[in-house]
Amino acid sequence: MTDTTTASFAPRHAYLALWLPRIEAVVIPLAALISGLLVFSLFLLALGKSPVEFYSLIYKAGFSSGFSWKNTLSRVAPLLFAALCVALPARLGLVVIGGEGAIVLGGLAAGITGAMLIGAPAGIAMLMMVLMSALVGALWIGGVGWMRVKRGVNETIASLLMAYIGIALLNHFVEGPFRDPASLNKPSTAQLPDALRVGDMPIGIEVHWGFGAGVVACILCWFILDKTTIGFAARITGQNIRAAQVQALPVGRLIIGFTAAGGALAALAGFFEVSAIHGAANGSLIAGYGYTGILISFLARHNPLAIIPVAILLAGFEASSGLIQRRMDLPDATILVLQGIVFVILLLSETLYGRLAIFRPSYWRV
Amino acid sequence: MSDPADIGLWGVPLAMLGGAIRVSTPFLFVSLGECLTERSGRMNLGLEGTLIFGAMAGYAAAYHSGSAWFGVLAAGFAGMWFGLFHGWVCRFKGVNDIAMGIALMLLGMGLAFFFGKPYIQPVAPDLPAISLGWWSDIPQVEAALRVNVLFIIGAVLALAMAWMFRATRIGLKVRVVGDSTAAARAIGFNPDLVRLWSTAAGGALAGVGGAYLSLYYPGSWNEGISSGQGLMAIALVIFARWNPINCFWAALLFGGAGALGPALQSVGVSSGYYLFFAAPYILTLILLIATSSPDRALKGAPSELSITK
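Residues numbered from 1 in each chain as written. Chains lettered and ligands numbered in written order. Predicted model: local features only at pLDDT ≥ 70, side-chain atom pairs only at ≥ 80, totals over all residues. Heavy atoms only, no water.

What to know about the overall build of chain B
Counting its secondary structure elements, chain B contains 13 helices and two strands. At 19 Å, chain B has a C-alpha radius of gyration in line with the 19 Å of a compact globule built from 309 residues. Taken along the three principal axes of its C-alpha coordinates, chain B extends 65 × 45 × 35 Å. Here chain B holds 309 residues, and the buried ones make up 57% of them. Here chain B displays about 12500 Å² of accessible surface, and carbon together with sulfur accounts for 67% of that area. (Helix = DSSP H or I, 4+ residues; strand = E, 2+ residues; numbered from the N terminus. Rg over C-alpha atoms; globule rule 2.2 N^0.38 Å. Buried < 20%, exposed > 50% of the residue type's maximum accessible area, 1.4 Å probe, protein only. Areas by Shrake-Rupley, 256 points an atom, 1.4 Å probe, with all protein chains shown as cover.)

Description of the overall build of chain A
Counting its regular elements, chain A contains 14 helices and zero strands. Across chain A, helices and strands are ordered from the amino to the carboxyl terminus as α-α-α-α-α-α-α-α-α-α-α-α-α-α. Taking 21 Å as the expected radius of gyration for a compact globule of 366 residues, we find that chain A reaches 22 Å, a close match to that expectation. Considered along the principal axes of its C-alpha atoms, chain A spans approximately 85 × 60 × 40 Å. In chain A, which comprises 366 residues, the share counted as buried stands at 53%. Pairs at least 24 apart in sequence give 76% of the contacts found in chain A among residues at least 6 apart. For chain A, the computed accessible surface area is about 15700 Å², with 67% contributed by carbon and sulfur atoms. (Contact = heavy atoms within 4.5 Å.)

Thoughts on the interface of chain A and chain B
Listed as interface residues are 44 residues of chain A and, on the opposing side, 46 residues of chain B. Where chain A abuts chain B, roughly 3800 Å² becomes buried across the two surfaces, and 81% of that area is made up of carbon and sulfur atoms. If you sort the residues of chain A by the area they bury against chain B, Arg151(A), Ile157(A) and Tyr164(A) come out on top, with a joint share of 17%. At the boundary of chain A with chain B, the tally comes to one salt bridge. Run the count over chain A and chain B and you get seven residue pairs in polar contact (both at pLDDT 80 or more). Counting only elements with at least two residues in the side of chain A that touches chain B, the list comes to helix H5 (122-151), helix H6 (155-175), helix H11 (289-299) and helix H14 (334-349) of chain A. Top element by residues in the side of chain A that touches chain B is H6(A). It accounts for 13 residues. (Buried area = accessible area lost by both parts, 1.4 Å probe. Salt bridge = Lys/Arg side-chain N within 4 Å of Asp/Glu carboxyl O. Polar contact = N/O pair within 3.5 Å; in protein donor to acceptor, adjacent residues only side chain to side chain.)

Looking at the packing of aromatic side chains
Applying the stated criterion across every chain yields a total of 23 aromatic pairs over all chains. A ring pair is formed by Phe53(B) and Phe82(B), whose centres lie 5.1 Å apart and whose planes are at 55°; its orientation type is tilted. Placement of Phe53(B) in helix H2 (residues 47-65) and of Phe82(B) in helix H3 (residues 68-89) is noted, with a sequence separation of 29 residues between them. Ring plane angle 70° and centroid distance 6.1 Å describe the contact between Tyr63(B) and Tyr119(B), whose orientation is recorded as edge-to-face. You can see Tyr63(B) sitting in helix H2 and its partner Tyr119(B) sitting in the loop between helix H4 (97-116) and strand S1 (129-131), a full 56 residues away along the chain. Take Tyr63(B): its relative accessible area is 37%, and that puts it in the partly exposed class. By the ring-pair criterion, three or more aromatic residues cluster together here, those being Phe40(A), Phe43(A), Phe54(A), Tyr55(A), Phe114(B) and Phe115(B). (Phe/Tyr/Trp six-rings, centres within 6.5 Å; stacked < 30°, edge-to-face > 60°.)

Digging into the nonpolar core
Judged by nonpolar contacts, the single largest core of 206 residues is most densely connected at Phe54(A), Ile157(A), Phe298(A), Ile307(A), Phe343(A) and Trp221(B). If one sorts the elements of this core by residue count, H4(B) sits on top with 13 residues. When neighbours within four sequence positions are excluded, Phe54(A) is seen to be in contact with Phe40(A), Leu44(A), Ile324(A), Met328(A), Leu330(A), Thr334(A), Ile335(A) and Leu338(A). (Core = buried A, V, L, I, M, F, W, Y, C linked by side-chain atoms within 4.5 Å.)

Some words on the packing of helix H3 (residues 66-91) of chain A against helix H7 (residues 209-227) of chain A
Residues and elements named next belong to chain A. Orientation of H3 relative to H7, taken along the N-to-C sense of each, is 20°, at an axis distance of 8 Å. Considering their axes alone, H3 and H7 lie roughly parallel with respect to each other. In this structure, H3 meets H7 at a crossing whose hand is left-handed. From H3, Leu73, Val76, Ala77, Leu80, Phe81, Leu84, Leu88 and Arg91 reach across to H7, where they touch Gly210, Phe211, Ala213, Gly214, Val215, Ala217, Cys218, Cys221, Leu225 and Asp226. (Axes fitted to C-alpha atoms, helices over the stretch in contact; angles between N-to-C directions. Parallel < 35°, antiparallel > 145°, perpendicular 65-115°, else oblique. Left-handed = near helix turned anticlockwise from the far one by under 90°.)

Overview of helix H7 (residues 169-179) of chain B
Within H7(B), the full set of buried residues consists of Gly171(B), Val174(B), Val176(B), Val177(B) and Gly178(B). The opening residue of H7(B) is Thr168(B), an N-cap whose side-chain oxygen sits 3.0 Å from the backbone nitrogen of Gly171(B).

Focus: helix H12 (residues 304-319) of chain A
Residues and elements named next belong to chain A. Counted at 1.5 Å a residue, the expected span for H12 with its 16 residues is 22 Å, and the 22 Å between its end C-alpha atoms agrees. Buried residues dominate H12, accounting for 12 of its 16 residues. Inspection of H12 places Pro304, Ile307, Ile308, Val310, Ala311, Ile312, Leu314, Ala315, Gly316, Phe317, Glu318 and Ala319 among the buried residues, and these make up the whole buried set. By the N-cap criterion, in which a side-chain oxygen at the helix start approaches the backbone nitrogen of a residue two or three places on, H12 is capped by Asn303, the distance to Leu305 being 2.9 Å. (Expected span 1.5 Å × (residues − 1).)

Comments concerning the packing of H2(B) against helix H9 (residues 191-215) of chain B
Residues and elements named next belong to chain B. In contact at an axis separation of 6 Å, H2 and H9 are set at 55° when each is read in the N-to-C sense. As summarised for this structure, H2 and H9 are arranged oblique, according to the angle between their axes. Note that H2 runs across H9; the crossing there is right-handed. Each of Leu47, Thr50, Leu51, Gly54, Ala55, Gly58, Tyr59 and Ala62 in H2 lies in contact with H9, whose residues at this interface are Gly202, Gly203, Ala206, Gly207, Gly209, Gly210, Ala211, Leu213, Ser214 and Leu215. When the residues that make up the contact of H2 with H9 are grouped by side-chain class, the tally is nine nonpolar, nine polar and no charged. (Nonpolar A, V, L, I, M, F, W, Y, C, P; charged D, E, K, R; others polar.)

Looking at the pattern of salt bridges
Per the counting criterion, the structure on display carries six salt bridges over all chains. Among the ionic pairs, Asp226(A) bridges to Arg91(A), the shortest N-O distance being 3.4 Å. With a gap of 135 residues between them, Asp226(A) in helix H7 and Arg91(A) in helix H3 connect regions that are remote in the sequence. Here Lys117(B) makes a salt bridge to Asp332(A), at a shortest N to O gap of 3.2 Å. Within this pair, whereas Lys117(B) is found in the loop between H4 and S1, its partner Asp332(A) is found in the loop between helix H13 (321-328) and H14, the two belonging to separate chains. By sharing partners, the salt bridges in this structure join Asp332(A), Lys117(B) and Glu223(B) into a single network.

Observations concerning the environment of Arg12(A)
All names here are of chain A. Mapped onto the fold, Arg12 is located in helix H1 (residues 3-46). Judged by relative accessible area, Arg12 falls into the partly exposed class, the value being 41%. Linking Arg12 and Leu196, residues 184 residues apart in sequence, is a C-alpha distance of 56 Å. If sequence neighbours within four positions are ignored, Arg12 has contacts with Trp364 and Arg365.

Below is the structure:
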């Protein structure tokens, strides 16, 4: 090879080497998602149900009209926050799956704080609700990181155990010390006054501010992970913890900080659920958003920007659950089965990375 | 059964002993299954989902066949398929066993809820219990010592598995594969095959544990039947240092913790019910903190296991 050919080839090669892995990281999860939907179609066919009807109902209930978009987008907020609680620790190579606990306790903290500050200036009370909620979430999931750093406790198991403990605490407090005597059928904390309720965004569609906050949180997380030295340090730690230690990166503080940040964000999902939707903390907070968030983060390859469209897609699936149950006589767990199948196939697709010749720069050399 | 004799607060430890035996059986089966899987060098977090699916499958099979034992077999068979799937897909490069376990946990729960909907109402036959408390005339003692056959099978299985690891060729194979893939290959063992069947057997045991839940205690099928028992059993294996005999004692301990809430309720303590209900989770967490170590590999851990690397 002469010097001139190398020189003319080099920019193209660098361009391919930069973009092919990025295209690979979009194409493979997308193909996995589509394969998952196809496998689920086979599942429906085996049961004598029509996949065409199923997916058209999802489109109809989730994405076809202003009303269905409102239905979908109003479910996106908790999913965005829950997915971030998985994505941030994942950058460090940690698999935290207990976001549900932080959501539930964040909601509880918001509900209790709001109930105690009824009568205080609304701005201050609202701020305190957000802060208390985020603080509780940060302590909860940050505690998981702390146990990992100080005692080597497996974060996956610990976080899920703590989710069960969090749910028990919610039940204890809303049925015991902080129960509003007026809540007869569904034990709840005191109903929040209108001043402490988060309203809708002025975008012509009834979606509460949680959606905007979630999107901003995703963009912020992306910026921190991709554009700052902290994010860079986190990525090195995630790829090779020994190398990070050799480089004297503060691995322990990174782990505790990232898990705490993830927990604070997940707790905000609880805050918005309480302040924008339910008006009080109660058992409705246990809605499984934390578990859907795991799938979303994995589908997005733990990239905060990719979390936004994936969360909207899955929110549309969940929004159509009711219509599917009524029209197709399928149980409410149908969406769970769909999510499970997609998750399994997505993880299977991990084996394709680096194996497909089409994503290698050498394939495109003529 | 006659009226409960007035034995006051003695009822709490007695109810806890009985409860420990009753509640521990699913912990025992899942932890023995996970112990076998982890000894071969893989971790299957999906056993929580397998437990729930086994509970549903066992209940449905017992309902349709009229035989509780057929239900147990069906649950074990269903669990085996979950294990086979996990064992098979985790051999591919880049497929993470922990993440796949989470996915199978969610899928197992989804499938169990999906197919289990029609079985929430009907009543299936129960598994029989053996009364070991015939010598006592105090009804609470008798109640505490009514032991299910599956508990006894589980106890025997723990002994058998300990013997298998120590003294048999199969046990040696599993241990070698779990400690070094390279060494296993060098002496002609097929690590993928050993892991496949260890995971399949682990899944089958978890399925049987699920059948116990739906066919004996609490003895009906509903969507909240497990709530993390499979997961606690997996944590319990770490605490038991991958030793089947220790798994038995740890399962009893966890069973006792799980029985604390109902035991206190039975003597009239009802405040803080949910907190006592959380006792097993808290106990698990405390034991994990106490027995893990930040800087050295855990004693007794298979060295191919990803969480100990």
